[in-house]
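Report on the structure
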Amino acid sequence: MQKRALITGVTGQDGSYLSELLLEKGYDVHGTIRRSSVDFRERIAHLEDNPRFHLHYADLGDSMSLMKVIGKVRPHEIYNLAAQSHVQVSFDVPEFTADVDATGVLRILEAVRQCGLADSCRIYQASTSELYGKVESVPQNEETPFHPYSPYAVAKLYGYWIVREYREAYGMFCCSGILFNHESERRGETFVTRKITLAAARIAQGKQRKLLLGNLSSRRDWGYAKDYVECMWLMLQNDIPEDFVIATGEQYSVRDFCRLAFHYAGIELRFEGEGENERGIDTATGRVVVEVSPDFYRPTDVVNLLGDPSKAMRRLGWNPKRTTFPELVRIMVESDMAKVAAERAGEQVRVNLAEYLEKGILK
Ligand code: NAP
Ligand code: GDD
C-alpha cells in the first residue's frame, strides 16, 4: 500500500529534507503552503515535477483549511513542522506565535479526530529544545524539567502538552520530537549559523565588510538537518508513540561556530575584548570583521543547550554522529561560498516565478 504523508511547513528547511526522504521511501507526499507576496519556493523547487509531490493551500491559523486538506488527503502520517520558528521574532509577534505554534497544534489534532482518522493517522509534532530554556540541568534529556524562556518556547510547550493530552485521552498515535538546533545549507538566513556562514562567504569575497552578532557566548548543540528528519520518520515507525530528544551530545558557542566558519572561508579569526566590546579580527590583515550589536540581544536568552540523545540511539537505532560539527560548518560555508560566487558572476540564483505559473502551481 502506498503511504500518504502530509507535511505542514513543507517550504521550510526541515520540510524540504523530509519531503526528499519520504519520496525516496515511496510515499505520496502532500505539503501545505500559504500565500505570500514573495512567492518563490527555493527549497522545494526541485521536487515540484515529481508526480508523487502535491501542494495544497492551508494555514495553521485557519482550522477550516486544515480540516479540508486532512479530509481530502486522508494521510497515514502527518508531520506538523509549520511554525513561526524564530525565537527573537516571537518577542515582536507573541500573539501570532501563540496562535500558530500553540493553537495550531490543537487545530491539527482536532481536525484529525473530526475527519475520523484518530485511529489510523500518526502525528509527529516538531517540538524543541527551547522548552528547556533557562536550563535546570545539563545535559537535557526526556526527563529534564522544562523552563520555557521566550514567547516561542511557551507556545511550543502548549503544543507538547496538547499532543500528550490527545495521546492519553483518545489513544492517538501522536508524539513530539524534542529537537535541538539543526542547521544546513538551506537554513533561514536570519538564524545565527546561516547568518555567519553567509557573512563569512561574503566577507571573504569582498561583498561585505562586517558581521554584527548578539550573544557570542551562547552555546548550542548543533546537528545537521538532513540527519534529523530521519528521526522524525523513525518516531512514526516506532511500535508505540513516545517523545524523544534528538541531539548530537556536543556543544559549541556562537564564537566557536564563527571561528570555524571563517576558517573554512579562508579567514583566521582572533577574538578580543568582552561583552559589547568583543571583536573578531582577521589575523592576516588586522581588520575587524565581527562586532557585537545589542540589537541582537534577546529580552531573555537561552544560553546552555546540550542534548542527551541516548534514548533515540537505543530505541530508534539513530546515529547522532553521522555528520560531525566541523563537517556541518564546512558544508554550509562551501554552499554559501558557491552561492556568493554565482551571484557575483550574475547568475540567476532565485527560482523563476514564471515556472510556477506555467505549471499552475501558484494561484
Ligand atoms: P522554518 O524553515 O522556519 O520553516 C517553517 C515552516 O512553517 C515554513 O514552511 C513556513 O511557511 C511554515 N509556516 C509558518 N507559519 C505558518 C502558518 N501560519 N501556517 C502554515 N505554515 C506556516 O523552520 P524549520 O527550521 O524547518 O523548523 C521546522 C519546525 O521544527 C518548526 O516547527 C520549528 O519551530 C521546529 N524546530 C526547529 C529546529 C531547528 O533547529 N531547525 C529545532 C527544534 C524545533 P513559509 O515558507 O510560508 O513561511
Ligand atoms: N539569530 C541570531 N542572530 N542569533 C544570535 C545572533 C544573531 O545575530 N547572535 C547571537 N545569537 C544567539 C542567540 O541569542 C541564541 O542564543 C543563539 O545564537 C541561537 O540563535 P538562533 O540561531 O536564532 O536559534 P535559536 O536557538 O534561538 O532557535 C532555533 O533553534 C531552536 C531549537 O533550540 C530555531 O530553529 C527554533 O525554531 C528552534 O526551536
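Residues numbered from 1 in each chain as written. Chains lettered and ligands numbered in written order. Predicted model: local features only at pLDDT ≥ 70, side-chain atom pairs only at ≥ 80, totals over all residues. Heavy atoms only, no water.

This brings us to unusual backbone geometry. Of note, the bond from V138 into P139 is cis; its omega dihedral lies within 30 degrees of zero at 0°. Tracing the sequence through the fold places P139 in the loop between β5 (122-128) and α5 (151-170). Even without being glycine, R74 reaches a positive phi, approximately 45°. Checked against the element boundaries, R74 lands in the loop between α2 (63-73) and β4 (77-80). (Helix = DSSP H or I, 4+ residues; strand = E, 2+ residues; numbered from the N terminus.)

Before going further, it helps to examine the site of ligand 2. With respect to spatial proximity, 25 residues lie near ligand 2, and among them T128, S129, Y152, S218 and R298 are the closest. One of the side-chain N or O atoms of R187 is found 2.9 Å from an oxygen atom in ligand 2. One of the backbone N or O atoms of T190 is found 3.0 Å from a nitrogen atom in ligand 2. Protein burial of ligand 2: of its 710 Å² of free accessible surface, 96% is covered by the chains. The residue makeup of the shell around ligand 2, split by class, is 10 nonpolar, nine polar and six charged. (Near = heavy atom within 4 Å. Polar contact = N/O pair within 3.5 Å; in protein donor to acceptor, adjacent residues only side chain to side chain. Areas by Shrake-Rupley, 256 points an atom, 1.4 Å probe, with all protein chains shown as cover. Nonpolar A, V, L, I, M, F, W, Y, C, P; charged D, E, K, R; others polar.)

Our focus in this paragraph is the pattern of salt bridges. Taken as a whole, this structure holds 19 salt bridges when the rule is applied. In this structure, R107 and D99 form a salt bridge, with 2.7 Å as the shortest nitrogen-oxygen distance. Using a relative accessible area of 16% as the deciding quantity, one classes R107 as buried. D99 sits in the partly exposed class, given a relative accessible area of 26%. (Salt bridge = Lys/Arg side-chain N within 4 Å of Asp/Glu carboxyl O. Buried < 20%, exposed > 50% of the residue type's maximum accessible area, 1.4 Å probe, protein only.)

Quick look at a nonpolar patch on the surface now. A cluster of nonpolar side chains, contributed by V89, V93 and F96, occupies part of the molecular surface with about 210 Å² of accessible area. Judged by relative accessible area, which is 33%, V93 ranks as partly exposed. (Patch = residues over 30% accessible without salt bridge, like charges linked within 9 Å, V, L, I, M, F, W, Y side chains within 5 Å.)

The next subject is the sheet that holds strand β15 (residues 288-292). The strand order across the open sheet formed by four strands is β8-β15-β14-β13, and the pairing between neighbours is mixed. The outermost strands of the open sheet, each flanked by one partner alone, are β8 (211-213) and β13 (269-272). Ignoring strand direction, the axes of neighbouring strands in this sheet form an average angle of 20°. For β13 and strand β14 (residues 279-282), the ladder comprises four bridges, and the chain directions are antiparallel. Looking at the pairing, E272 lines up with R279 of β14. (Pairing = 2+ DSSP bridges. Axes fitted to C-alpha atoms, helices over the stretch in contact; angles between N-to-C directions.)

Moving on, we come to helix α7 (residues 225-237). Owing to its 3.6 residues per turn, the α-helix aligns residues three or four sequence positions apart on the same side. With 13 residues, α7 extends 19 Å from end C-alpha to end C-alpha; this agrees with the ideal 18 Å at 1.5 Å per step. Within α7, 11 of the 13 residues are buried, leaving the element largely enclosed by the surrounding structure. The complete set of buried residues in α7 reads A225, D227, Y228, V229, E230, C231, M232, W233, L234, M235 and L236. (Expected span 1.5 Å × (residues − 1).)

As a matter of local geometry, ligand 1 sits amid 24 residues, with T11, S85, Y152, K156 and H182 nearest to it. Here an oxygen atom of ligand 1 sits 2.6 Å away from a polar atom, N or O, in the side chain of T11. One nitrogen or oxygen atom from the side chain of R34 is found 2.9 Å from an oxygen atom belonging to ligand 1. In the complex, 87% of the free accessible area of ligand 1, which totals 900 Å², lies under the protein chains. For the shell around ligand 1, the secondary structure elements donating two or more residues are α1 (13-24), β5 and α5. By residue class, the composition of the shell around ligand 1 is 10 nonpolar, nine polar and five charged.

Our next topic: α2. Of all the positions in α2, only S65, L66, V69, I70 and V73 are classed as buried. Projection of α2 onto a plane perpendicular to its axis shows the buried side chains occupying an angular sector of 125°, all on one side. Set apart from the buried face of α2 by more than 90 degrees, the exposed residues are M64, K68 and K72. Structurally, α2 contributes buried residues whose contacts are with β1 (4-8), β2 (28-33), β3 (53-57), β4 and α4 (94-114). Looking at where α2 begins, the residue whose side-chain oxygen comes 3.1 Å from the main-chain nitrogen of M64 is D62. Positive phi shows up at R74, right after α2, with a value of about 45°. (Arc of directions from axis to C-beta. Contact = heavy atoms within 4.5 Å.)

Across the sheet, seven strands lie side by side as β3-β2-β1-β4-β5-β6-β11; this open sheet has parallel pairing. Edge positions in the open sheet fall to β3 and β11 (244-246), since each of these has one partner strand only. Sheet twist, expressed as the average angle between the axes of neighbouring strands with direction ignored, equals 25°. Of the strands in this sheet, β1, β2, β3 and β4 touch α1, which is tilted by about 175° from β1.

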